[in-house]
Amino acid sequence: MRSVFDDPGLFGRLWAATYDGPGNPDPAQAVDFLAPLADGGPVLELAVGTGRVALPLAARGLTVEGVEASPEMVAHLRAKPGGADLPVTIGDMADVPVAGPYRLVFLVFNTLFNLVSEERQAACLRNVARVLAPGGAFVIEAFVPDPADFDRDEQVQVWGVTEDSATIRLHRYDRAAQTFVRQTVTFDAAGVHLKPFAMRYAWPEQIDELAERAGLRLTERYADWDRSPFDADSRSHISVYRRR
């Protein structure tokens, strides 16, 4: 198995089968927020996954395309109503391997942080700027890091225990690099099952700096999809950037 730091499709291969399971965010508010920004389209979703947001947008009559590193995720998208008609390019979202131009590009559910180095995050923003139409919008949804969440270099959590299995989740943080590796380990009668995951988190102002270097300027920021004001206590942000 390749490292989570150098295999952009690994997450999808491990998690595609359960990605649409219970507990995932309802995409309806995101769709309501994004649709007016599309200004008639076309629209590009980076890390389109199983199409949770892209397909409802397309159902509103917009031309929507996706980029996704995991064929397994795309297979689940294709099985959904309308999924067979949504164009998806298999590739690394940092490369934005499409031509554009797009009226709207978006990256939701903290997925920018799945690019696990500052260099790859910067490359993503540069390539988004390349494919944005004049006046087009780039929307990022991400959590605001809380240092209390990683006050120790290592954390262990009991994730689930039944008569037939036990699951633990372990984190190891590199606070200087702003990265963490997470391993979800399940023990059952069939053996030991590993599901690794990694992120490189960033504060909103750090994302703004990357955007500025890419030729994008911040025009709006909210605490959630309902456009609640963003302030020092906000734990997430919806940020809208446009080409300078």
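None of the values given here were measured: they were computed from a predicted structure.

1. Considerations on the pattern of salt bridges
Okay, so step 1: Considering all chains together, one arrives at seven salt bridges under this definition.
Okay, so step 2: Of the charged contacts in the structure, one is a salt bridge between Arg-200 and Glu-118, with a shortest N-O distance of 3.7 Å. Here Arg-200 is found in strand E9 (residues 191-200), whereas its partner Glu-118 is found in helix H5 (residues 118-131), with 82 residues between them in sequence.
Okay, so step 3: Residue Glu-118 is classed as partly exposed on the basis of its relative accessible area, which comes to 33%.
Okay, so step 4: Measuring nitrogen to oxygen at the nearest pair gives 3.5 Å for the salt bridge that ties Arg-213 to Glu-118. You can see Arg-213 sitting in helix H6 (residues 204-214) and its partner Glu-118 sitting in helix H5, a full 95 residues away along the chain.
Okay, so step 5: Using a relative accessible area of 57% as the deciding quantity, one classes Arg-213 as exposed.
Okay, so step 6: One network of salt bridges, with partners in common, ties together Glu-118, Arg-200 and Arg-213.

2. Some words on the side chain of Thr-167
Okay, so step 1: One can find Thr-167 in strand E7 (residues 165-174).
Okay, so step 2: Taking relative accessible area as the criterion, Thr-167 reaches 13% and is therefore assigned buried.
Okay, so step 3: Not counting residues up to four positions away in its chain, the partners in contact with Thr-167 are Gln-157, Val-158, Trp-159, Gly-160, Thr-184, Val-185 and Thr-186.

Rules used in this analysis
Residues numbered from 1 in each chain as written. Predicted model: local features only at pLDDT ≥ 70, side-chain atom pairs only at ≥ 80, totals over all residues. Heavy atoms only, no water. Salt bridge = Lys/Arg side-chain N within 4 Å of Asp/Glu carboxyl O. Helix = DSSP H or I, 4+ residues; strand = E, 2+ residues; numbered from the N terminus. Buried < 20%, exposed > 50% of the residue type's maximum accessible area, 1.4 Å probe, protein only. Contact = heavy atoms within 4.5 Å.

Purely spatial values, then, with no claim about function.
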